[in-house]
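A structural walkthrough
Listed here are the chains, written in short residue letters.
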Amino acid sequence: MPDARSSPKKAFQTPKKSEREVAGGSNVKSRRNQQQSKNDLCFSTPAEKFKNEEFDFEKNLALFDKQAVFEEIDSSQQPDVVRLVDTNRRRGGRTEAKYRHDQNVLHSAPVRYNRIAVPETPEVEYVTDTGLVVPSVTSRARDTLLQAAQRHGLTIGRQQEMLGRGCTEMALQLVGSHARLMPENLHQAPRVACLCGPHSQGAAGLNAARQLAGHGVQVTVFLPDLALTCRALSTELQLFTDLPETVDLIVCTLDDHELSSQLAFQPWHRSAVAWANGSRAPVLALDPPAPPPPAAAAPAAIECKYTLGAVLPLGYGAQQGAVYLCNLNVPTEVFRSQRIEYVSPFGPRIVIPLHARDVD
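To start, this report covers the structure provided alongside it. (Residues numbered from 1 in each chain as written. Predicted model: local features only at pLDDT ≥ 70, side-chain atom pairs only at ≥ 80, totals over all residues. Heavy atoms only, no water.)

Take the overall build of the protein chain next. When its secondary structure is counted, the protein chain shows eleven helices and nine strands. The buried share of the protein chain, taken over its 360 residues, is 34%. Nonlocal contacts in the protein chain, meaning residues at least 24 apart in sequence, comprise 69% of its contacts between residues at least 6 apart. For the protein chain, the exposed surface amounts to about 24,000 Å²; the carbon and sulfur share of it is 53%. (Helix = DSSP H or I, 4+ residues; strand = E, 2+ residues; numbered from the N terminus. Buried < 20%, exposed > 50% of the residue type's maximum accessible area, 1.4 Å probe, protein only. Contact = heavy atoms within 4.5 Å. Areas by Shrake-Rupley, 256 points an atom, 1.4 Å probe, with all protein chains shown as cover.)

Further remarks concern the environment of Arg 115. Looking at the element boundaries, Arg 115 is found in the loop between helix 4 (80–89) and strand 1 (125–127). Classification of Arg 115 as partly exposed rests on a relative accessible area of 25%. Separated by 228 residues in the primary sequence, Arg 115 and Val 343 place their C-alpha atoms 5.7 Å from one another. Here Arg 115 is in contact with Leu 132, Glu 341, Tyr 342, Val 343 and Ser 344, once residues within four sequence places are set aside.

Next up on the list: the pairing of strand 3 (residues 191–196). The buried fraction of strand 3 is high, at five of six residues. Relative to strand 4 (residues 218–222), strand 3 runs parallel, the two being bridged by five bridges. Within strand 4, the residue paired with Leu 195 across the bridge is Phe 222. Viewed along the sheet, the connection from strand 3 through helix 7 (residues 200–214) into strand 4 turns out right-handed. Summarising the sheet, strand 3 and strand 5 (residues 249–253) pair through five bridges and their orientation is parallel. Pairing of Val 192 across the sheet is with Leu 249, part of strand 5. (Pairing = 2+ DSSP bridges. Right-handed = clockwise from strand over helix to strand, strands pointing away.)

Mapped onto the fold, Ser 136 is located in the loop between strand 2 (133–135) and helix 5 (139–151). Its relative accessible area of 3% is what places Ser 136 among the buried residues. Within the structure, Ser 136 has its side chain in polar contact with the backbone nitrogen of Glu 123 (distance 3.3 Å). Engagement of the side chain of Ser 136 in a polar contact is seen with the backbone oxygen of Val 124, the distance being 2.8 Å. Contacts of Ser 136, omitting those with residues within four sequence positions, involve Val 118, Pro 122, Glu 123, Val 124, Tyr 126, Pro 313, Leu 314 and Gly 315. (Polar contact = N/O pair within 3.5 Å; in protein donor to acceptor, adjacent residues only side chain to side chain.)

As a working rule, side chains carrying opposite charge can pair if their charged atoms are close by. Applying the stated criterion to the full structure yields four salt bridges. Arg 165 is the partner of Glu 169 in a salt bridge, and the nearest nitrogen-oxygen pair spans 2.8 Å. Taken as a pair, Glu 169 and Arg 165 lie in helix 6 (residues 156–174) at a separation of four residues, close to a single helical turn. When its relative accessible area of 25% is taken as the criterion, Arg 165 is described as partly exposed. (Salt bridge = Lys/Arg side-chain N within 4 Å of Asp/Glu carboxyl O.)

Next up on the list: the environment of Ser 337. Along the chain, the position of Ser 337 falls in helix 11 (residues 332–337). Residue Ser 337 is classed as partly exposed on the basis of its relative accessible area, which comes to 43%. Residues Ser 337 and Ala 148, spaced 189 residues apart in sequence, show a C-alpha to C-alpha distance of 8.2 Å. A polar atom in the side chain of Ser 337 sits 2.6 Å from the backbone oxygen of Val 334.

Note on helix geometry: an α-helix contains 3.6 residues per turn, so any two residues three or four positions apart are oriented the same way. Taking 1.5 Å of rise per residue, the 13 residues of helix 5 would be expected to cover 18 Å, and the 19 Å separating its terminal C-alpha atoms lies within 8% of that figure. Taken together, the buried positions of helix 5 are occupied by Arg 142, Leu 145, Leu 146, Ala 148 and Ala 149. Each buried residue of helix 5 sits inside an arc of 155° when the element is viewed along its axis, so together they form one side. Away from the buried face of helix 5 by more than 90 degrees, exposed residues Arg 140 and Arg 151 are located. Two residues or fewer past helix 5, Gly 153 is found with a positive phi of approximately 105°. (Expected span 1.5 Å × (residues − 1). Arc of directions from axis to C-beta.)

Let us look at the nonpolar core. In globular proteins that are soluble, nonpolar side chains generally tend to be buried together. Ranked by size, the top nonpolar core spans 49 residues in total, and within it Val 192, Leu 308, Val 311, Leu 312, Leu 328, Val 330 and Phe 335 carry the most contacts. If you look at the next biggest cluster of nonpolar residues, it comprises 17 residues, including Leu 195, Val 247, Val 273 and Ala 276. (Core = buried A, V, L, I, M, F, W, Y, C linked by side-chain atoms within 4.5 Å.)

Before going further, it helps to spend a moment on helix 6. The terminal C-alpha atoms of helix 6, which comprises 19 residues, lie 27 Å apart, in line with the 27 Å expected from a rise of 1.5 Å per residue. Trailing helix 6 by a residue or two, Gly 176 shows a phi angle of about 115°, which is positive.

Counted by the stated rule, this structure contains three aromatic pairs. When the ring of Phe 222 is compared with that of Trp 268, the centres are 6.5 Å apart and the planes differ by 45°; the resulting orientation is tilted. Of this pair, Phe 222 sits in strand 4 while Trp 268 sits in helix 10 (residues 267–278); the two residues are 46 residues apart in sequence, bridging distant segments of the chain. Owing to a relative accessible area of 2%, Phe 222 belongs among the buried residues under this scheme. (Phe/Tyr/Trp six-rings, centres within 6.5 Å; stacked < 30°, edge-to-face > 60°.)

This is the structure we're talking about:
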């Protein structure tokens, strides 16, 4: 008689290892067969079947009715905004171009590029990088404009401060900008020489020198002593003992718009020109006068790489290098009083480059 304490017989028994391997192997084989069957259905078609057949693109394209699809989209239950955008993009039976985030979607009036008109026929016409036309003016017309600006409160001091600021902005870019003026690069601080004459242009050069020094630039200023202008040339050369042998940039304001022809024959002027032309540093001329007509007795001039004018450019020559223009913020009524139609070409910048073009 069986023992009552013995456990009842289990309903099932754990399969042996060999049985598990057989069952697992059959499952793997089944999955492989299914995958093989799918591969056969997809890739078993012989390539010869398609070798002589050509796909008719025009016939298949004719089967697609684009107008019916668009009408179905418009008739579907879409939000009004979506339907409006879809309709606008297909306005006139054609798809309109898509715009980037920085493009103007609204259609505006044609851009007017001749927005500055002067009473006299300009000797040279310049254009900005954006295509705006900036005509040149004579030195007399520009001086009259700046005198009218003084009567409206834009004093000579303010004009020189704006011109000096524009020269500083340009000079800092030419000498390496922040890369040369970082605290860890103080041993490589740029050096600038400012050659200033005894006139208002020279005062603007001194203003630029002061602002450059305020940015950490090592500035050397040359200013002739008028009490020594009648001495011998050897005495005048003594003024250059403090000028460094090498500089990164030369700012030149030796000439003004009234006495440039007389100053050019002064010993100190000739010495400064000789030193500047002998230096390898580029020269930035700050508001120089327009070049005089060619003459046999004309003295040597400084070879400029850049020229920075003010308000409106003069008829600069090719020997004065690349032309830039500085904004002095002259009031609009000042231009109007001088019969000048003026719309600022500067945009967000205080200094803009100009490119000469032939006057039609």
